[in-house]
Protein chains: 2
Amino acid sequence: MYNYKITVQYDGARYKGWQKQQNTLWTIQGKLEAVLAELIGNEVEVHGSGRTDAGVHAIGQVANFKCEQMLEPEAVKAYMNHYLPEDIGILLVEEVPLRFHSRLNAIEKQYEYHIWNVAKPDVFRRKYTAYVPEKLDIQKMQEAAELLVGEHDFRSFCSNQKMKKSTVRQLYEIQIQSKQEEIILTFRGNGFLYNMVRIMCGTLIEVGLGKRIPEEMRAILMACDRKMAGRTAQPEGLFLKKVVYPK
Amino acid sequence: MYNYKITVQYDGARYKGWQKQQNTLWTIQGKLEAVLAELIGNEVEVHGSGRTDAGVHAIGQVANFKCEQMLEPEAVKAYMNHYLPEDIGILLVEEVPLRFHSRLNAIEKQYEYHIWNVAKPDVFRRKYTAYVPEKLDIQKMQEAAELLVGEHDFRSFCSNQKMKKSTVRQLYEIQIQSKQEEIILTFRGNGFLYNMVRIMCGTLIEVGLGKRIPEEMRAILMACDRKMAGRTAQPEGLFLKKVVYPK
């Protein structure tokens, strides 16, 4: 048995998200498995480092799959890039030890959230940014973001309220950069709950709009109640940037 | 009678180009005319500053239309942006003198051509750049570009070889910038022939690949023969950036 790690980028605009579904062919996992099944000659399961929602993009998602045959990584990459749709691109294929699992072994994830923050929308950014026409107060967003950094129970920032496992996560950093009309929020943490980045973004946007004060973040975290946090920001602005594994 | 000037941006990926066609609804002119006809209550002709090909984008295309009614420019803009597809965006609507014509009065046009020049394609750039995996020699491209600047007969760079009107144009500037993996060529001139920017780009790319030497530009211009120039570069990388009118 062999184990292969793949690093993949995708434009999520056309897809129903990462996870394979019975009723649609338009998932990233589904597309990857279909192409690999053709290559290998039998069904294969592709394990992602985590699911991304419909419309969410990836710059560097990581997945792995096991198979009986020994494959040449460069040949797998070339084959997949030839047969995958043009909005999914394989960046790297590597043979890894059998014990490697893309989700269980990840020690850090990085996400970027792009906001188009100017009074006029831009046709070229419509699928790759969240459009917020009112001027955001970045200073205030920064203050709020700092209160979210650290180890906290992020249950208030999780869409799955029935989550039985721990909702404690460590958020290493939130960086907020303003690049002309675009605001980019970068999140680094040891793991993220379902919709956690989008709910944090929605809440930070409400701070930037003056609808909330930064200090509210403390109370939201304390409450462990999804209703306390802001809206789930739209998926178009979100990019899974990088998944980090131990050296 | 009133005359209105509109500045419009569009992502050309889904469209068969600017010009209205009998057999498809997917043209920019067709979409604009359809929405304006609804607003005004009768058919209206939208005159563009020039046609763009299928797949070509515009950051600041200019057009104008005449109608009997006096319209409120801001209301026209809001109405159009509401009913147009999301890949066409109206940036500005202005009432202008009746004699204004977007094509005939233009004194300068600016185009940008984006090349993704790195060994791996990028799923997010696929519709907005020409993909050239081999490293381009920008210095050589710059030398060749300088020989194209000025007033010349650009017949060799025109796809319409039956063109009866003058093929002399003045090219004010070609700028070549390298931004990480992307090379951006900017063209400023008093007018451009059919496919002229794309043929210049295709020829300059061949220079960058070492398939031609910069000095060949002189002979190509002199020949007044399309076959002497390079390939027509792909449309995805091309953006109509700006149309300039007298103050």
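Details of the structure are given in the entry above.
Residues numbered from 1 in each chain as written. Chains lettered and ligands numbered in written order. Predicted model: local features only at pLDDT ≥ 70, side-chain atom pairs only at ≥ 80, totals over all residues. Heavy atoms only, no water.

A. Summary view of the relation of the copies chain B and chain A. Least-squares fitting of chain B to chain A yields an RMSD of 0.0 Å, with the transformation described by 0.0 Å of translation along the axis and a rotation of 180 degrees. The relationship between the two copies is best expressed as a two-fold rotation axis. Looking at the rotation axis and the C-alpha trace of chain B, the residue lying nearest is Phe124(B), at 5.4 Å. A symmetric contact is evident, with 100% of the interface residues of chain B recurring at the interface of chain A. (Least-squares fit on C-alpha atoms with pLDDT ≥ 70 in both. Contact = heavy atoms within 4.5 Å.)

B. Region of interest: the pairing of strand β5 (residues 108–116) of chain B. Residue and element names in this part refer to chain B. Judged by how many residues are buried, β5 sits mostly within the fold: 9 of 9 residues are covered. Residues Glu108, Gln110, Glu112, His114 and Trp116 point to one face of β5 and Lys109, Tyr111, Tyr113 and Ile115 to the other, with burial holding for every one of them. Pairing between β5 and strand β10 (residues 238–244): 6 bridges, direction antiparallel. The residue of β10 that forms the bridge with Glu108 is Val244. By the bridge criterion, 8 bridges tie β5 to strand β9 (residues 182–189) in an arrangement that is antiparallel. In the sheet register, Tyr111 faces β9, and the bridge partner there is Phe187. Summarising the sheet, β5 and strand β6 (residues 130–131) pair through 2 bridges and their orientation is parallel. From the neighbouring strand, Trp116 faces β6, where its bridge partner is Tyr131. (Buried < 20%, exposed > 50% of the residue type's maximum accessible area, 1.4 Å probe, protein only. Helix = DSSP H or I, 4+ residues; strand = E, 2+ residues; numbered from the N terminus. Pairing = 2+ DSSP bridges.)

C. Main features of the pattern of salt bridges. Residue and element names in this part refer to chain B. As enumerated under the stated definition, the model contains 28 salt bridges over all chains in all. Salt-bridge contacts for Glu112 lead to Lys241; the nearest nitrogen and oxygen are separated by 3.2 Å. Of the two residues, Glu112 sits in strand β5 while Lys241 sits in strand β10, which places them 129 residues apart along the sequence. Across the salt bridge formed by Arg125 and Glu182, the nearest N and O atoms sit 2.6 Å from each other. (Salt bridge = Lys/Arg side-chain N within 4 Å of Asp/Glu carboxyl O.)

D. Inspection of the nonpolar core at higher detail. Ranked by internal contacts, the top residues of the largest apolar core, which has 69 residues, are Leu32(A), Phe65(A), Tyr113(A), Phe157(A), Leu185(A) and Phe187(A). Per-element tally for this core: the top contributor is helix α4 (residues 196–208) of chain A, with 8 residues. When sequence neighbours within four positions are dropped, the list of residues in contact with Phe65(A) reads Tyr2(A), Asn3(A), Tyr4(A), Ile6(A), Leu36(A), Ile40(A), Val44(A), Glu45(A), Val46(A) and Leu71(A). Counting 67 residues, the second-largest nonpolar core is a separate cluster that includes Leu71(B), Met141(B), Ile183(B) and Cys201(B). (Core = buried A, V, L, I, M, F, W, Y, C linked by side-chain atoms within 4.5 Å.)

E. Quick look at the interface of chain B and chain A. Each partner contributes to the interface: chain B provides 20 residues, whereas chain A provides 20 residues. A buried area of about 1,500 Å², summed over both sides, lies between chain B and chain A, and 60% of it is on carbon and sulfur atoms. Together, Val123(B), Phe124(B) and Arg126(B) form the three largest contributors to the area buried by chain B at its contact with chain A, with a combined 43%. Summed over the shared surface of chain B and chain A, the result is 6 salt bridges. Put simply, Arg126(A) and Asp87(B) hold a salt bridge, and the shortest N to O gap is 3.9 Å. (Buried area = accessible area lost by both parts, 1.4 Å probe.)

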